[in-house]
Structures are given as C-alpha cells and as structure tokens.
Amino acid sequence: MAKTFVVTLKRSLIGCTQDQKDTVRCIGLKKIRGSVEVKDTPANRGQIMKVQHLVDVEVKG
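Counting from 1, residues in each chain are numbered in the order their sequence is written. Where local features are concerned, this predicted model is filtered to residues with pLDDT of at least 70; where side-chain atom pairs are given and counted, the filter is 80 or more; whole-chain, interface and lining totals use all residues. Calculated side-chain values reflect all of the structure's heavy atoms, with hydrogen atoms and water omitted.

Visitor: Hey, could you run me through the sheet that holds strand β3 (residues 55-60) in this one?
Guide: Adjacent strands of a sheet form backbone hydrogen bonds with each other and so pair up, either parallel or antiparallel. A strand pair is defined by DSSP finding two or more bridges across the two strands. In DSSP terms, a helix is any run of H or I states spanning at least four residues, a strand is any run of E spanning at least two, and both are numbered starting from the N terminus. The three strands lie next to each other as β2-β1-β3, forming an open sheet whose pairing is antiparallel. The two strands at the open ends of the sheet, each matched to only one other strand, are β2 (35-39) and β3. Along the sheet, successive strands turn relative to each other by an average axial angle of 25°, direction set aside. Summarising the sheet, strand β1 (residues 4-9) and β3 pair through six bridges and their orientation is antiparallel. By the bridge assignment, phenylalanine 5 is partnered in β3 with valine 59. An axis is simply a line fitted to the C-alpha atoms; with a helix, the fit covers only the stretch in contact. Between two such axes, the angle follows the N-to-C directions and lies from 0 to 180 degrees.

The following block contains the structure:
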C-alpha cells in the first residue's frame with residue numbers, strides 16, 4: 001500500500017510569488033480549506049516543501 005499525503009490549503013495566495021501560486025495549483029488546490037490527496041513521490045514532496053508555509057500536510061496510509 002502506497003503512502004499518500006492529504007494536503008490542505010490554509011493560507012491565502014495573496015502576496016505569494018507566481019511560482020508559489022503555480023505550485024499550489026499544480027498540487028490541485030483551489031480554495032482555502034480545500035484538500036487533496038497526493039501520492040508520496042519525490043516530485044510531490046518537493047512541491048509541498050516549496051509551499052510548506054501555506055499548507056497543512058497529513059500522512060495517510
């Protein structure tokens with residue numbers, strides 16, 4: 001069973017760089033308090049680390 005992350009957007013994207021906004025959209029988040037489930041891959045870990053101050057991450061599985 002593969003490990004997954006539940007990522008929730010907790011902060012607004014106002015004032016963030018365009019690169020951070022693009023990363024949040026690429027993860028699949030659209031609104032504050034919106035959550036998505038992503039697989040545990042090196043690419044997804046890098047994206048989460050880039051915007052770690054904007055999101056909450058829970059490990060599932």
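There is more to say, and it comes next.
Visitor: Sorry, what's going on with the packing of helix α1 (residues 18-27) against helix α2 (residues 42-50) here?
Guide: Two quantities define a packed helix pair, namely the angle between the axes and the distance from one axis to the other. Relative to each other, α1 and α2 sit at 135°, their axes nearing to 9 Å. Relative to α2, the element α1 is oriented oblique. As α1 runs across α2, the sense of the crossing is left-handed. In this structure, α1 contributes Asp19, Gln20, Thr23, Cys26 and Ile27 to the contact, and α2 contributes Gln47, Ile48 and Lys50. Side-chain classes follow a simple rule in which Ala, Val, Leu, Ile, Met, Phe, Trp, Tyr, Cys and Pro form the nonpolar group, Asp, Glu, Lys and Arg form the charged group, and the remainder, Gly included, forms the polar group. Partitioning the contact of α1 with α2 into residue classes produces three nonpolar, three polar and two charged. Our angle categories are set so that under 35 degrees counts as roughly parallel, over 145 as roughly antiparallel, 65 to 115 as roughly perpendicular, and the remainder as oblique. Left-handed describes a crossing whose near helix is turned anticlockwise from the far helix through less than a right angle; right-handed describes the clockwise counterpart. Here a residue-residue contact requires only that any non-hydrogen atoms of the pair lie within 4.5 Å.

All quantities given are derived from atomic positions and should not be read as evidence of function.
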